[in-house]
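Single-letter residue listing:
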Amino acid sequence: FLKEEGVEVDDFFYKGDALDEKFESIYHDLNKRKNEYYFQIQSQRKDNFKKKNLILDQLRDISNNNFDVDINVVKALQQSWQDIGPVPGNQHKLLWANYNALLDRFYDSRSIYFELKDLDRKKNLMIKTELCEKAESLSLKDNSNTAIKELNELHEQYKKVGPVPKDEQENLWQRFKLASNKVYEKRKEFIKRFKSTLIENLKKKKGIILEVQKYENFESKKIKDWNNAAKVLMNFQKDWEAIGEISRERSKEINKSFWAPFKIFFSKKRAFIQKFESEK
């Protein structure tokens, strides 16, 4: 800039071309939309927090003062609670604890609805038993990533289902927990085998690299020898491609070590052929 314009460095301003400007425009627009998106999520969660607190206030008032309220009112509040989306993460556990505590307090204090509570808990028992069966079947899946994802969804459903008969509660939870542990153990086993495979693949690739590096210093005065050596290298390339993946942190380094001898060999081969043709 100084050489061509002859002015001070402080006057320099990089303008870029049209593609730069288009990129920057798209980039800033995307950032703006992303920030707006997360702001909307946080705002929605704060609104959900307020809505759930209003429901807690209503449940608190019912459990304290109005035990003979129509049960459908409480059912409607429960449905509204379930329909409301997620709240800020640091508020979830306390809200959920208060909600369950208020519901238990209401049902326990309302003797006229003991029979209804018993029916509800039996229904919840059926639902949670089905969730246990689904969790148990996940350990049979081959794809551990899919199994973990589905298990997380089952855990969310399990938490949303109301209480079960007290004499079944602990056994049911232990069954669900045991099924979950089997899925987690299978996932750990998969990761262990996968890491072992990565290490084995790395060893195989290192072995091929040692063989390929022997051709860095290849020399011959015959085209036939050069062509035969090239065929050997291409076979090594096929063997290389047949080997599975290795760890990402070693991938760049290993690939560079593999292809470097190729570049050296074929560069020397081209130079030999050019010299040979020139001499002819």
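A brief report on the enclosed structure follows. (Residues numbered from 1 in each chain as written. Predicted model: local features only at pLDDT ≥ 70, side-chain atom pairs only at ≥ 80, totals over all residues. Heavy atoms only, no water.)

1. Things to note about the overall build of the chain
From N to C terminus, the chain includes nine helices and zero strands. Shown N-terminal to C-terminal, the secondary structure of the chain runs as helices and strands in the order α-α-α-α-α-α-α-α-α. Taking 280 residues into account, the globule formula puts the C-alpha radius of gyration at 19 Å, and the chain, at 34 Å, lies well above it. Each principal axis of the C-alpha atoms in the chain carries an extent, and together these give about 110 × 65 × 20 Å. A buried classification covers 27% of the 280 residues belonging to the chain. Once local pairs closer than 6 in sequence are excluded, the contacts in the chain between residues at least 24 apart make up 74%. Carbon and sulfur atoms make up 53% of the accessible area of the chain, which totals about 20,300 Å². The distance from the centre of the 56 positive side-chain charges to the centre of the 46 negative ones in the chain is 6 Å. (Helix = DSSP H or I, 4+ residues; strand = E, 2+ residues; numbered from the N terminus. Rg over C-alpha atoms; globule rule 2.2 N^0.38 Å. Buried < 20%, exposed > 50% of the residue type's maximum accessible area, 1.4 Å probe, protein only. Contact = heavy atoms within 4.5 Å. Areas by Shrake-Rupley, 256 points an atom, 1.4 Å probe, with all protein chains shown as cover. Lys, Arg positive; Asp, Glu negative; His and termini not counted. Charge placed at Lys NZ, Arg CZ, Asp CG, Glu CD.)

2. Quick word on the packing of aromatic side chains
All chains considered together, the criterion is met by 21 aromatic pairs. Ring centres of Trp81 and Tyr99 lie 4.1 Å apart, and the angle between their planes is 10 degrees; on these two criteria the pair is classed as stacked. Placement of Trp81 in helix 3 (residues 71–83) and of Tyr99 in helix 4 (residues 89–109) is noted, with a sequence separation of 18 residues between them. No difference in accessibility class separates Trp81 from Tyr99, as the two residues are buried. An aromatic cluster of at least three residues, connected via ring pairs, comprises Tyr215, Phe218, Trp226, Trp240, Phe258, Trp259, Phe262, Phe265, Phe266, Phe272 and Phe276. Above the plane of the ring of Trp81 lies Lys52, whose end atom (NZ or CZ) is 4.5 Å from the centre. (Phe/Tyr/Trp six-rings, centres within 6.5 Å; stacked < 30°, edge-to-face > 60°. Lys NZ or Arg CZ within 6 Å of the ring centre and 35° of its normal.)

3. Examining the layout of surface pockets
Considering only enclosed or pocket space, the largest pocket measures out at about 860 Å³ in volume. What lines the largest pocket is a set of 31 residues, among which Asn124, Lys160, Val161, Gly162 and Pro163 lie closest to the centre. The class makeup of the residues in the lining of the largest pocket is eleven nonpolar, eight polar and twelve charged. By volume, the second largest pocket amounts to about 330 Å³. Of all elements in the fold, only helix 3, helix 4 and helix 6 (144–160) reach the threshold of two or more residues within the lining of the second largest pocket. Classifying every residue of the lining of the second largest pocket by side-chain character gives five nonpolar, three polar and five charged. (1 Å grid on protein atoms, 1.4 Å probe; cavity = no way out; pocket = protein on both sides within 12 Å on 5 of 7 lines; lining within 4 Å. Points joined across faces, edges and corners; volume = space filled by probe spheres on them. Nonpolar A, V, L, I, M, F, W, Y, C, P; charged D, E, K, R; others polar.)

4. Considering the side chain of Lys128
Along the chain, Lys128 falls in helix 5 (residues 114–138). Buried and without a salt bridge, Lys128 has Asp104 as its closest oppositely charged side chain, separated by 10.0 Å. Beyond its immediate stretch of four places on either side in the chain, Lys128 contacts Tyr158, Val161, Gly162, Val164 and Leu172. (Salt bridge = Lys/Arg side-chain N within 4 Å of Asp/Glu carboxyl O.)

5. Digging into the environment of Lys203
Within the element layout of this structure, Lys203 appears in helix 7 (residues 166–213). Sequence-wise, Lys203 and Ile246 are 43 residues apart; in three dimensions their C-alpha atoms are separated by 9.6 Å.

6. Thoughts on a nonpolar patch on the surface
A grouping of Phe190, Ile191 and Phe194 is seen on the molecular surface, where their side chains present a nonpolar patch of about 220 Å² in accessible area. Here Phe194 shows up in helix 7. (Patch = residues over 30% accessible without salt bridge, like charges linked within 9 Å, V, L, I, M, F, W, Y side chains within 5 Å.)

7. Re the pattern of salt bridges
Opposite charge on two side chains permits them to pair, given that their charged atoms come into close proximity. On inspection of all chains with the given rule, the structure shows twelve salt bridges. Taking the shortest distance from any N to any O, the salt bridge between Lys122 and Asp118 comes out at 3.5 Å. Here the residue Lys122 and the residue Asp118 both occupy positions in helix 5, the gap between them amounting to four residues, near one helical turn. For Lys122, a relative accessible area of 45% corresponds to the partly exposed category. Under the relative-accessibility criterion, Asp118 is labelled partly exposed at 35%. Glu253 serves as the salt-bridge partner of Arg250, at 2.9 Å between the closest nitrogen and oxygen. Of this pair, Arg250 and Glu253 both sit in helix 9 (residues 248–279), separated by three residues, roughly a single helical turn.

8. Brief notes about the nonpolar core
Grouped together as the largest cluster of nonpolar side chains are 19 residues, with contacts concentrated most on Ile208, Val212, Tyr215, Leu233, Phe258 and Phe265. Elements that contribute at least two residues to this core include exactly helix 7, helix 8 (223–242) and helix 9. No other element matches the six residues that helix 8 contributes to this core. (Core = buried A, V, L, I, M, F, W, Y, C linked by side-chain atoms within 4.5 Å.)

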